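These are the residues of each chain, in order.
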Amino acid sequence: MSDLWQEAMDHAVGVAKKAGEIVRDALQNEMNIMCKSSSVDLVTKTDQKVEQLIIDSVKEKFPTHGFIGEESVAAGQSCLLTDNPTWIVDPVDGTTNFVHGYPFVAVSIGFAVNKMLEFGVVYSCIEDKMYTARRGKGAFCNGQPLQVSDQKDINQSIIATEFGSSRDPEVLDKIFSNMRKIVSLPVHGIRGSGSAAVNMCLVAAGCVEAYYEVGIHCWDIAAAAVIVTEAGGVLMDLEGGPLDLMSRRVLAANNKTIAERICKEIEVHPLVRDDAPIVTK
Amino acid sequence: MTSTDSDRWGECMDVAVQIARKAGKMVQEAVKQEKRVRSKSTPTDLVTEADHQVEELIISTLRERFPSHRFIGEESSAAGEKCILTDNPTWIIDPIDGTCNFVHSFPMVAVSIGFAVNKELELGVIYHCFDETLYTGRKGHGAFCNGVRLHVSKEKDVSKALILTEIGAKRDPHTLDIFLGNLKKLLSAPSHGVRIIGSSTLALCLLASGAAEGYYQYGLHCWDIAAAAVLIREAGGCVMDTTGGPLDLMSRRVVAAGSQEIADYIVQQLQPISYGRDDHDP
């Protein structure tokens, strides 16, 4: 029986490659950098151009499919996940890195049907690493199979996390308090690439044991979530329980032992869900 | 500097490049094997057999070619060799920078070969083992990555800066207080962000290539900075002590930046963490 969604996945890989070229070209030129919610929450014309490229190509080939994209949502589109086949896209994950030419910038294309993630494509375009995973068919980077680390001892783990784009002192206090607990376990080290999608792919590749963050969005994690689980890893909500795509938080780990150990330390601070109703004044 | 000197260091550069590539291949092979890991000063300060083997390869090759030169190497120092920099031509070597990354196959691992004469850093060669990229810098001759000239970022405004750092080996509560406090201050400038990659040498290379604006660290060693300092200066940046004074190679601390303004800003925010000195008796 042929795979219903293989065509969609092949399309995702193709458009991710094209998007990656646009990103690499844009790095050579002057950038027009705009700010969203604050002076450290950046967006560029490239983010918008890449998202438009993906939307247009998906609409043409799969006109009935739904679309959740970072820039579309910023422009007022809905972030509600229905049963409809839906593309969940971050055109440029790691925009701050992109602006600096810091080499971890990813095009992230996830795909869900009946609210279940079916495949994920993350193209780390400066490194030219194409991460892919189809549910039930394994995870790969440039064709090589991915496997999480087999480490069970938290004291011998490397944990990835980010500081996020909030500079609110209260929020930062919470982020630093969590980080302090993790570093003090102790762990071998903390790392941060500046891209959620890349951090999750590092879990899938076995380079780090876990990645956690409070403050991400569904489009940052949808694609990489499939890559992590297909590489043998686990996903959890930081308050325990299964990953909630719209909850604004994520924990991806090589196994349940490491995941639960981290979950124990982290205190979550409340954030507006991605699927919260838009309050109009 | 006489023309003979410049020829002599040119030859040193060529040999360093050759041996860095060879050592890099050795590291690439070792990364695929089972690793025997031990700890050094703390449980997070790791060393493997590969560190020893690679350092042995580099030093024996250089010693054969330049029998009058001196050597300061990470693993030799750990074995008790003195870490004193004299006026003699001296090679300053980190066989595997990012040993923790190496153990985890986290793709940020480098071979670092620096060279000083009359206590002045003359050249640096750094091989990024996973990317297979070679960084080279010679005083007065520019800095390059795979032959492409490197330029630091000229950004002066910290609110548009990306800053890199590393934790260092100590994890006691007092050190963590200061480490996290420094980080929070720089993040809150507000800067664009702070990144930790697990290799001081490669973080400094990213600075030299213009991908980040500033770097600071307590707890690194002379062999982590010796090569990269040349790269950064030749790419137009500055390297100094965390107090704002001139770089003290043995002080186990550093600030580097693309611009003096960013360096000054970082220096002003920092609370110090003491790791002793490389040139003190253990």
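The structure presented is a predicted model; accordingly, all values stated were derived computationally and were not measured.

*Asks:* What exactly am I supposed to notice about the overall build of chain B here?
*Replies:* Counting secondary structure elements, chain B contains eight helices and 14 strands. Since a compact globule built from 282 residues should have a radius of gyration of about 19 Å, the 18 Å found for chain B is in line with a globular shape. With the C-alpha coordinates aligned to their principal axes, the bounding extent of chain B is approximately 50 × 45 × 35 Å. Going through the 282 residues of chain B one by one, you find that 63% of them count as buried.

*Asks:* Would you mind going over the packing of aromatic side chains with me for this structure?
*Replies:* Within a pair of aromatic rings, the relevant descriptors are the distance that separates the centres and the angle that separates the planes. Residue and element names in this part refer to chain B. The full count for this structure, using the stated rule, is ten aromatic pairs over all chains. Summarising the aromatic geometry, the rings of Trp 91 and Phe 115 are spaced 4.4 Å apart at their centres and angled 45° between planes, so their arrangement reads as tilted. Highlighted residues: Trp 91 in strand β4 (residues 90–97) and Phe 115 in strand β5 (residues 110–117), separated in sequence by 24 residues. The class for Trp 91 is buried, based on a relative accessible area of 0%.

*Asks:* What should I look at first to understand the packing of helix α5 (residues 173–187) of chain B against helix α8 (residues 260–269) of chain B in this one?
*Replies:* Relative orientation and spacing of two packed helices are given, respectively, by the angle between their axes and the distance between those axes. Residues and elements named next belong to chain B. It is at 9 Å that the axes of α5 and α8 come closest, and there the two elements cross at 135°. Relative to α8, the element α5 lies oblique. Once α5 is placed against α8, the crossing between them reads as right-handed. Between α5, through Asn 182, Lys 185 and Leu 186, and α8, the contact on the second element is made entirely by Tyr 265, Ile 266 and Gln 269. In terms of residue class, the contact of α5 with α8 is made up of three nonpolar, two polar and one charged.

*Asks:* Looking at this structure, how should I read the packing of helix α6 (residues 196–204) of chain A against helix α7 (residues 218–230) of chain A?
*Replies:* Residue and element names in this part refer to chain A. Their axes nearest at 9 Å, the elements α6 and α7 cross at an angle of 5°. What the angle tells us is that α6 and α7 run roughly parallel. Contact residues: Ala 196, Ala 197, Met 200, Cys 201, Val 203 and Ala 204 in α6; Asp 220, Ile 221, Ala 224, Ala 225, Ile 227 and Val 228 in α7. Classifying every residue of the contact of α6 with α7 gives eleven nonpolar, no polar and one charged.

*Asks:* In this structure, what is going on with the interface of chain A and chain B? I would like to understand it.
*Replies:* How big an interface is tends to be stated in terms of accessible area lost as the parts join. Each partner contributes to the interface: chain A provides 39 residues, whereas chain B provides 37 residues. Across the interface of chain A and chain B, roughly 3,100 Å² is buried in total on both sides, 64% from carbon and sulfur atoms. If you look at where chain A meets chain B, you find three salt bridges. Between Glu 162 of chain A and Arg 195 of chain B there is a salt bridge; the shortest N-O distance is 3.9 Å. Run the count over chain A and chain B and you get 16 residue pairs in polar contact (both at pLDDT 80 or more).

*Asks:* Would you take a moment to explain helix α7 (residues 222–234) of chain B for this structure?
*Replies:* Every α-helix carries 3.6 residues per turn, so stepping three or four residues along brings you back to the same face. Residues and elements named next belong to chain B. Between the first and last C-alpha of α7 there are 18 Å, a value that for 13 residues agrees with the 18 Å anticipated at 1.5 Å per step. Of all the bends in α7, the greatest measures close to 30° and is centred on Ala 228. Within α7, twelve of the 13 residues are buried, which leaves it mostly tucked inside the rest of the structure. Three or more residues of α7 are buried, namely Cys 222, Trp 223, Asp 224, Ile 225, Ala 226, Ala 227, Ala 228, Ala 229, Val 230, Leu 231, Ile 232 and Glu 234. Just downstream of α7, Gly 236 is the residue with a positive phi angle, here 100°.

*Asks:* Mind showing me how you'd approach the sheet that holds strand β8 (residues 142–145) of chain B here?
*Replies:* Pairing between the strands of a sheet is mediated by backbone hydrogen bonds and can be parallel or antiparallel. Residues and elements named next belong to chain B. Pairing in this open sheet of seven strands is mixed, and the strands run β3-β4-β5-β6-β7-β8-β9 from one edge to the other. Whereas interior strands pair on both sides, the edge strands pair on one side only; in this sheet they are β3 (70–73) and β9 (148–149). The pairing of strand β7 (residues 133–138) with β8 spans four bridges and is antiparallel. Its bridge partner lying in β8, Arg 138 is registered against Gly 142. On the sheet, helix α2 (residues 49–65) packs against β3, β4 and β5 and is oriented at approximately 155° with respect to β4. Together, β3, β4, β5, β6 (120–128), β7, β8 and β9 form the strand contacts of α7, whose direction differs from that of β6 by roughly 100°.

*Asks:* What is the right way to read the side chain of Ser 157 of chain A from this model?
*Replies:* Take Ser 157 of chain A: it is sitting in the loop between β9 (144–145) and β10 (158–160). The buried category is assigned to Ser 157 of chain A, whose relative accessible area is 0%. Here the side chain of Ser 157 of chain A touches Asp 153 of chain A through a polar contact of 3.1 Å, landing on its backbone oxygen. Setting aside residues no more than four positions away along its own chain, Ser 157 of chain A makes contact with Gln 151, Val 187, His 188, Gly 189, Glu 209 and Ile 258 of chain A together with His 104 of chain B.

Quick notes on the rules
- Residues numbered from 1 in each chain as written.
- Chains lettered and ligands numbered in written order.
- Predicted model: local features only at pLDDT ≥ 70, side-chain atom pairs only at ≥ 80, totals over all residues.
- Heavy atoms only, no water.
- Helix = DSSP H or I, 4+ residues; strand = E, 2+ residues; numbered from the N terminus.
- Rg over C-alpha atoms; globule rule 2.2 N^0.38 Å.
- Buried < 20%, exposed > 50% of the residue type's maximum accessible area, 1.4 Å probe, protein only.
- Phe/Tyr/Trp six-rings, centres within 6.5 Å; stacked < 30°, edge-to-face > 60°.
- Axes fitted to C-alpha atoms, helices over the stretch in contact; angles between N-to-C directions.
- Parallel < 35°, antiparallel > 145°, perpendicular 65-115°, else oblique.
- Left-handed = near helix turned anticlockwise from the far one by under 90°.
- Contact = heavy atoms within 4.5 Å.
- Nonpolar A, V, L, I, M, F, W, Y, C, P; charged D, E, K, R; others polar.
- Buried area = accessible area lost by both parts, 1.4 Å probe.
- Salt bridge = Lys/Arg side-chain N within 4 Å of Asp/Glu carboxyl O.
- Polar contact = N/O pair within 3.5 Å; in protein donor to acceptor, adjacent residues only side chain to side chain.
- Expected span 1.5 Å × (residues − 1).
- Bend = angle between axes of the 7 residues up to and from the residue.
- Pairing = 2+ DSSP bridges.

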